[in-house]
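Coordinates in review
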Amino acid sequence: HFRTPARPPQNAVQPPIFERAEKIQIMDQGDAITLHRFRSPLSIERFVLFVHGWGGRAWNFEGFVSKFLEKRYGVIAVDLPAHGDSEGSFCDGLR
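Residues numbered from 1 in each chain as written. Predicted model: local features only at pLDDT ≥ 70, side-chain atom pairs only at ≥ 80, totals over all residues. Heavy atoms only, no water.

**Let's talk about the side chain of Ser40**
Relative to the helices and strands, Ser40 is located in the loop between β2 (31–38) and β3 (47–51). In this structure Ser40 comes out as buried when scored by relative accessible area, which is 7%. Engagement of the side chain of Ser40 in a polar contact is seen with the backbone oxygen of Leu69, the distance being 3.0 Å. (Helix = DSSP H or I, 4+ residues; strand = E, 2+ residues; numbered from the N terminus. Buried < 20%, exposed > 50% of the residue type's maximum accessible area, 1.4 Å probe, protein only. Polar contact = N/O pair within 3.5 Å; in protein donor to acceptor, adjacent residues only side chain to side chain.)

What follows is the structure, encoded as structure tokens:
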């Protein structure tokens with residue numbers, strides 16, 4: 001279906017840095033959408049928001065997370081509906 005992205009393989013291994021993330025879930029049309037929040041110990045509560053493209057997931061930003069934490073930024077990486085750790089069976093521009 002046009003609005004249904006391919007899911008990642010079930011055996012996908014979470015990048016180690018994502019073990020440090022606080023997982024926050026927000027509800028959207030009955031589906032839990034997952035945000036991965038990283039706080040730098042030196043953070044002054046400035047955050048960078050990473051949003052992946054079609055068929056992607058928050059893990060795509062693995063290489064950027066530590067670099068922004070070192071610069072004293074917090075990081076939020078979102079898994080859009082029907083992507084990554086988020087629930088849902090479709091995603092479109094209206095969600």
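That was the structure; now back to the text.
**Points about the sheet that holds β2**
Taken in spatial order, the four strands of this open sheet run β1-β2-β4-β3, and their pairing is mixed. Since the sheet does not close on itself, it has two edges, and those belong to β1 (22–28) and β3, each with one partner. In this sheet, adjacent strand axes meet at a mean angle of 25 degrees when their direction is disregarded. Of the strand pairs in this sheet, β1 and β2 are connected by seven bridges, and their pairing is antiparallel. Bridged to Gln25 within β2 is Thr34. Contacting β2, β3 and β4 (74–79), helix α1 (residues 62–70) runs over the sheet at an angle of about 155 degrees to β4. (Pairing = 2+ DSSP bridges. Axes fitted to C-alpha atoms, helices over the stretch in contact; angles between N-to-C directions. Contact = heavy atoms within 4.5 Å.)

**Description of the nonpolar core**
Core analysis: the biggest nonpolar cluster contains 13 residues, and Ile17, Phe18, Phe38, Phe50, Val65, Leu69 and Val75 have the highest contact counts within it. Where this core is concerned, the elements lending two or more residues are β3, α1 and β4. Dropping the residues within four chain positions of it, Val65 is found in contact with Ile17, Phe38 and Val75. (Core = buried A, V, L, I, M, F, W, Y, C linked by side-chain atoms within 4.5 Å.)

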